[in-house]
Amino acid sequence: MAAAESEAEAQQLISRLGKQLKASKTCPNKDSLVKLLKEAVIALGKFKQLKSLNSVIQPLSDSLVKHGMLQHKDKDIRILVATCFCEIIRVLAPDPGFSDDVFRDIFKLLQSIFAETGDYKSPYFSRRVKLLETVAKLNFCVLMLDVGCEDLILKMFKIFFSAVREQHPQSVINAMSSIMARILEDKLEEKDLEPLIFQEKFSEPLLDVILQNLLKESKGGSGGFARLAVSVIQNCNEKLERCICTFLRSCILNRESIGSELKEWYHDILYEIFQSAPQMLVSVIPSLSHELLTDQVDVRIKALNLLRKCFSLPGHKIAEEYHNLFMDFLNRFTDKSAEVRLCALSCGKALYANNPSGTGSSQILTELESRLLDFDDRVRMQAVSIVCDVSRLQIGSVTNELISQVADRLRDKKVSVRKKALQKLLELYQDYCTKCVGDIKMHFEQIPCKILMLCYDKDCKEFRPQSLEYVLAEDLFPVSLSVEERTNHWIFLSSLFTPLHVKALNAILSQKRRLRNALQAYLHLRVNEEEIGSDEMERNTKALFKKMSALFPDPAEAEECFYELNQINDDDIFKMLADLINVGDALSTRDNLLRKIGDQSPLFEFLRLLSSKCLLNIFSSRHVSYILDHLTFDTSVRHTKLDYSPLLLLSAIISAFPSLLRSSEEKFRQLLADKDIPFNEQLIQFLAKEGSNISIRLSDCYNFLERVRLEGTQAEAKLAVSAIAALSDSSEQVIVPNLCKTSCTIKKHSEQCLKSSLTTDANKSANLNLTLSKSADASRIWIEGLQKTSHQEVHSAGTVEVGNESSVDNQHEIHASVISESIMGKERVGSSCDSVATKPALGLNEDFPSCLQERDMNMTYNSNTDKVAKLSTANHKKANLAKENKDKGEASDVEHQQMRASTHYSNDGENSSVHSKRETSGACDSDCEGNSLKKTKFFAEEIPLAAAENTKKIRRSKVAASKAINVNKDMIAWRTRRQKV
């Protein structure tokens, strides 16, 4: 009842307002008109849809048209008038009774208001949005199709796309898309045939407008037009979907038959639709196989680029849903065009990265592996890059064999491929170190080993030791990785090292040491410039610059930079350079140096590289400490190969930079005292060369060296005695009597063994003779070591020391070079390592005190002569005993072998000459066969003495050698007589 009364009152109000406006000959003023229109809007809102209300509403609608309210300029009045007409159309629908011209004016008014919705900060924005939602809800815009307002429809579509903003609420987007989708649906139903709106006669169809705005986002545009276009497509019905799919298939199969300009951008349209409504393209996606198999290279490339973007979308499974298309895509990895293969690799990366464990991932990896050996270097570079990138996505997802094959590209015939492989493998290894802390994987640890092998590359200066030094120091490990973790990686790497790896590593460390020494010598020249003299200063400076420049990737450029640096008068810069050498790992000093020189200076990059080469940034004292901890305290894997391999790494580090051992002498002593640690020739050689320069006493490691001397090989025994000589000082030179005493003890045991040779195994006698030989060598080597030590002390007394840490390294650069040479061998590293040279070892000191030398020489020679005489006496006794027992049978084969073994060594511990041994063996063999005794010639062999410096000593050595040979001759003659009997 109340509603009926309210509706009646509204009818009376509308009737009164209509008569009032109709009676007015002119348009009322704004205030009166606004008040009147507001009352009309409220009253019309109370009406239900009822055709009989036409007589009540018509006076008001006629008056609004009569006074030109549809063209009014005031914003308030225009919104109120548009609202009134919307309500009138709603109430009087479906036929409000307006003429076509009135309809056009109404739609124009609505479009002008919709165009202002772009100003979302306007106070009228909410009222405009409400009007838009009312129009969308009533769907009366379809009346524009009935009155022939196609031009207004097209204009309204454009207005919507121009007015929409990213800041608009979703309700605005929904209202606009609802209006456009309804108009498109009615238009297609009106045609009732296959869509022809893309034909040439339609220059700017409605769907073209939507698809054009859909492309703006892919072209880098900003705004909400893409949201609006996607919303229209998502809300379209079956006919609109069929229309879009028909257009896209026509572009794929027969693009020339399409008249629309959008045919040039159909791939982008397809991709945008695939993002928002992939279900629409179920019938379109398989058609892309036609493009993958076409003869036109550019078409195949465009199709692959489209697939790459589609593969990158998360949640989509093209490989599973479109299997035939996926197989056609895999065939493009072997396409005859290199450009197509490159695009296929990019698509494979996108597909694998989107779903590493999905269907087709293993096939993608197989195809990537095959492209690592492609005949085009660009394809190989791309394959290397992609394999490394997909490996970084999930460490361990790629097979070990594939990682190894990528690392093999470091030996590619093309320099560009090797550079790309080095860059990507370093990135991969850094990611592995970061993500797998404490979990070492062997196939990743192969990467640094193969990077070290680049030292042998002859084609590219970036791979020579001068450049790889920077790689090992700055690029191999991530900055955040601790020194302990880095050391763990190096320890594992050392277990994979071959002699070639050790040779390359020593070359790099040797170059760093030589640059530090040469730079220190140059800084010393600058300090003492006044005392040296200008000519000598210029000559020495030029030589040092040339020497240091050879240790840079570009020697010519580096030499120029050194001369420019020499012209700088700022002493602070050179002081900081000296601090870099002395402190070793002074990163703060390096930062201060670079800050002082300034990044705008032409010498900035040169000083950055020079300072990096001066730092001990590959290995530091902390590395040495951790390696010693691993060797000394880690007993969990005591007897594994991995536990022993760091000895080689440790010897390489401390041989190049002995000062790094300074804070770890106690751990080093514990290492030498460990009986489980095997003998390491390089480690013993380090003690022999640097023993006089490290703070380790002979008593701390004498037991270890004595064990090596007695149980090791002959070469190790010699090195052990040299180490004893290097480590011993004036208070510990009582070791030599012990060595001689040991020799005498071994001699007595040898005599006892010879006396009981008839009942003892011949091998035992031979082993004792070998030990006797080693002992004799040991005594001689010890004397030579004392001579070297004395000479080094005299030589190092005049050496200039600059700083604390570098003094040890610089004084004994020659010794480290000898160690490096022994590890690296006599041959050169190759052209890439040509600048790595080794220095000759220092000669023996000829001025060693003659009294000590004479005493020790006499002791050695007398001992050796007595030994040979006693051996001869024992052999004669043995011959007589054999003669007495001749009736009891011939001597056994074991006795014969034992007698042969007893003559294998001469009085100085070395083997007899090759000629003598061959003739002796021949004589014995012929006697055993029953042949007649052959006369054998013996030639006296000169035995060089390490410290012989005058004719008397040389004559004495010749006499001793002759005696030894005569004794051997008598022994062989006795054996032949015995065999004959």
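Residues numbered from 1 in each chain as written. Predicted model: local features only at pLDDT ≥ 70, side-chain atom pairs only at ≥ 80, totals over all residues. Heavy atoms only, no water.

The protein goes by Sister chromatid cohesion protein PDS5 homolog B-like isoform X1 in an unreviewed UniProt entry, where it is assigned to Coffea arabica. You can read under Subcellular location (unreviewed entry) in the UniProt record for the protein the words "Nucleus". (UniProt positions renumbered as here; feature names shortened; annotations may be inferred.)

(A) Fine view of the overall build of the protein. In terms of regular secondary structure, the protein is built from 47 helices and 0 strands. Burial analysis of the protein (981 residues in total) assigns 53% to the buried set. In the protein, once contacts between residues fewer than 6 apart in sequence are set aside, the share between residues at least 24 apart is 74%. Counting every atom, the protein has about 45300 Å² of accessible surface; 50% of that belongs to carbon and sulfur. (Helix = DSSP H or I, 4+ residues; strand = E, 2+ residues; numbered from the N terminus. Buried < 20%, exposed > 50% of the residue type's maximum accessible area, 1.4 Å probe, protein only. Contact = heavy atoms within 4.5 Å. Areas by Shrake-Rupley, 256 points an atom, 1.4 Å probe, with all protein chains shown as cover.)

(B) Highlighting helix H35 (residues 646–656). Among the 11 residues that make up H35, 10 are buried, leaving the element largely enclosed by the rest of the structure. When we look at burial in H35, the residues that qualify are Pro646, Leu647, Leu649, Leu650, Ser651, Ala652, Ile653, Ile654, Ser655 and Ala656.

(C) Just the state of the cysteines, in detail. Applying the stated criterion across every chain, the model contains 0 disulfides. The thiol sulfur of cysteine 347 is not disulfide-bonded, and the nearest other cysteine sulfur, from cysteine 343, lies at 6.8 Å. (Disulfide = S-S within 2.5 Å.)

(D) Unusual backbone geometry, seen in detail. Cis geometry is adopted by the peptide bond preceding proline 94, which originates at alanine 93 and carries an omega value of 10 degrees. For proline 94, the location among the structural elements is in the loop between helix H4 (75–92) and helix H5 (100–115). In this structure, asparagine 139 is a non-glycine residue whose phi angle is positive, near 55 degrees. Here asparagine 139 shows up in the loop between helix H6 (125–138) and helix H7 (143–146). The exposure class of asparagine 139 is partly exposed, given its relative accessible area of 25%.

(E) Looking closely at the pattern of salt bridges. According to the stated counting rule, one finds 34 salt bridges in the structure shown. For lysine 309, the salt bridge is made with aspartate 268, and the minimal N-O distance between the two is 3.3 Å. Remark: aspartate 268 occurs in helix H13 (residues 266–276) and lysine 309 occurs in helix H15 (residues 297–312); sequence separation between them is 41 residues. Where salt bridges share partners, they join Lys349, Asp389, Arg392, Lys424, Glu427 and Asp431 into one cluster. (Salt bridge = Lys/Arg side-chain N within 4 Å of Asp/Glu carboxyl O.)

(F) Examining the side chain of serine 510 more closely. Mapped onto the elements, serine 510 comes out in helix H26 (residues 499–527). Assessed through its relative accessible area of 3%, serine 510 is described here as buried. Among the polar contacts made by the side chain of serine 510, one reaches the side chain of arginine 513 at a distance of 3.2 Å. (Polar contact = N/O pair within 3.5 Å; in protein donor to acceptor, adjacent residues only side chain to side chain.)

(G) Spatial organisation of helix H2 (residues 30–45). Taking 1.5 Å per residue as the helical rise, H2 with its 16 residues ought to reach 22 Å, and the 22 Å between its terminal C-alpha atoms agrees with that figure. Regarding H2, the residues found buried are Leu33, Val34, Leu36, Leu37, Ala40, Ala43 and Leu44. (Expected span 1.5 Å × (residues − 1).)

(H) Layout of the environment of arginine 378. Within the secondary structure, arginine 378 sits in helix H20 (residues 377–393). Along the chain, arginine 378 and arginine 341 lie 37 residues apart, while their C-alpha atoms are 9.8 Å from each other. Those residues in contact with arginine 378, other than ones at most four positions away along the chain, are Ala338, Glu339 and Leu342.

(I) Geometry of the nonpolar core. Among the nonpolar cores identified, the biggest contains 226 residues, and Leu110, Leu248, Phe329, Trp490, Phe668 and Leu705 are the most heavily contacted of them. Element by element, the count of residues in this core is highest for H4, at 12 residues. Here this core spans two domains, since at least three of its residues come from each of domain 1 (499–618) and domain 2 (621–740). Among all residues touching phenylalanine 329, those that are not within four sequence positions of it are Leu292, Leu304, Leu307, Phe311, Ala344, Cys347, Gly348, Leu351 and Ile364. Core analysis: the next-biggest nonpolar cluster, separate from the first, contains 34 residues, Leu525, Ala558, Cys561 and Leu565 among them. (Core = buried A, V, L, I, M, F, W, Y, C linked by side-chain atoms within 4.5 Å. Domains from an automatic or database assignment.)

(J) Up close: the packing of aromatic side chains. Enumeration according to the criterion identifies 20 aromatic pairs in this entry. Judged by centre distance (5.8 Å) and plane angle (75 degrees), the rings of phenylalanine 98 and phenylalanine 103 are edge-to-face. Exposure class is identical for phenylalanine 98 and phenylalanine 103. Each is buried. Taken together, the ring pairs in this structure connect Tyr522, Phe545, Phe552, Phe562, Tyr563, Phe574 and Phe606 into an aromatic cluster. Sitting above the plane of the tyrosine 271 ring, lysine 309 keeps its charged end 4.9 Å from the centroid. Lying across the ring of phenylalanine 552, lysine 613 places its NZ or CZ 5.5 Å from the centre. (Phe/Tyr/Trp six-rings, centres within 6.5 Å; stacked < 30°, edge-to-face > 60°. Lys NZ or Arg CZ within 6 Å of the ring centre and 35° of its normal.)

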